[in-house]
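Observations on the model geometry
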Amino acid sequence: MKKPQRGYARQDRVKEQIMRELAELVRTGLKDPRTGFITINEVEVTRDYSHATVFYTVLNQDAREITEEVLEHARGHLRSELAKRIKLFKIPELHFKYDESLERGLNLSALIDQVAAEKPVED
């Protein structure tokens, strides 16, 4: 049987701190002009803090592939800057993954609106 959690787990606090720091680093630390406006949506950290998957979105969809390349290229720099800001025994390896949940939500919303417009309201 799983123990009930009290308060806020350390792993959750670490995830949120990494997310805040990465958002700031991406905003101020990436000097590549090819990147679009990047938003860090979520960070998932393994239990041993060795890997972190960073989910992001880009405002301009045309810059999606270029932004992915820039993030992969800057992965080491971002990790070292993260190590300066966060005091952890081991700073996780960063893995960037584009978050498609926003696009799926917009597509579903558009489909619902389309069906609602086609179907007459019955009284």
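All of the points below concern the structure found in this document. A quick note: this is a predicted structure, and the numbers were derived from the prediction, not measured. (Residues numbered from 1 in each chain as written. Predicted model: local features only at pLDDT ≥ 70, side-chain atom pairs only at ≥ 80, totals over all residues. Heavy atoms only, no water.)

1. Some details on the pairing of strand S3 (residues 93-98)
What you see with S3 is a clean split: Leu 94, Phe 96 and Tyr 98 sit on the buried side and Glu 93, His 95 and Lys 97 on the side with no burial. Judged from the six bridges that link them, strand S2 (residues 51-58) and S3 form a sheet pairing that is parallel. Bridging across to S3, Tyr 56 finds its partner in Tyr 98. (Buried < 20%, exposed > 50% of the residue type's maximum accessible area, 1.4 Å probe, protein only. Helix = DSSP H or I, 4+ residues; strand = E, 2+ residues; numbered from the N terminus. Pairing = 2+ DSSP bridges.)

2. Description of the packing of helix H1 (residues 10-29) against helix H3 (residues 75-85)
For the pair H1 and H3, interaxial distance at closest approach is 10 Å and the crossing angle is 125°. Taken together, the axes of H1 and H3 are oblique relative to one another. The hand of the H1/H3 crossing is right-handed. Contact with H1, carried on its side by Ile 18, Glu 21, Leu 22, Glu 24, Leu 25 and Gly 29, involves His 77, Leu 78, Glu 81, Leu 82 and Arg 85 of H3 and no other residues of that element. In the contact of H1 with H3, the residues fall into five nonpolar, two polar and four charged. (Axes fitted to C-alpha atoms, helices over the stretch in contact; angles between N-to-C directions. Parallel < 35°, antiparallel > 145°, perpendicular 65-115°, else oblique. Left-handed = near helix turned anticlockwise from the far one by under 90°. Contact = heavy atoms within 4.5 Å. Nonpolar A, V, L, I, M, F, W, Y, C, P; charged D, E, K, R; others polar.)

3. Considerations on the nonpolar core
Soluble globular proteins tend to bury their nonpolar side chains together. In this structure, Ile 18, Leu 22, Tyr 56, Leu 71, Leu 78, Leu 82 and Leu 94 are the most contacted members of the largest nonpolar core, which totals 26 residues. Among the elements of the structure, H1, strand S1 (38-45), S2, helix H2 (64-73), H3 and S3 are those that each provide at least two residues to this core. In terms of residue count, the dominant contributor to this core is H1 (five residues). Apart from the residues within four sequence positions on either side, Tyr 56 is in contact with Ile 38, Thr 39, Ile 40, Asn 41, Thr 67, Glu 68, Leu 71, Phe 96, Lys 97, Tyr 98 and Asp 99. (Core = buried A, V, L, I, M, F, W, Y, C linked by side-chain atoms within 4.5 Å.)

4. Describing the pattern of salt bridges
Pairing is possible between side chains of opposite charge, provided their charged atoms come close. Under the defined criterion, the tally for this structure stands at seven salt bridges. Of the charged contacts, one joins Arg 27 and Glu 24 as a salt bridge, the two residues approaching to 2.9 Å between their closest N and O atoms. Placement of the pair is Arg 27 and Glu 24 together in helix H1, with a separation of three residues, close to one helical turn. Judged by relative accessible area, Arg 27 falls into the exposed class, the value being 58%. Glu 24 sits in the partly exposed class, given a relative accessible area of 30%. (Salt bridge = Lys/Arg side-chain N within 4 Å of Asp/Glu carboxyl O.)

Purely geometric numbers; function is a separate question.
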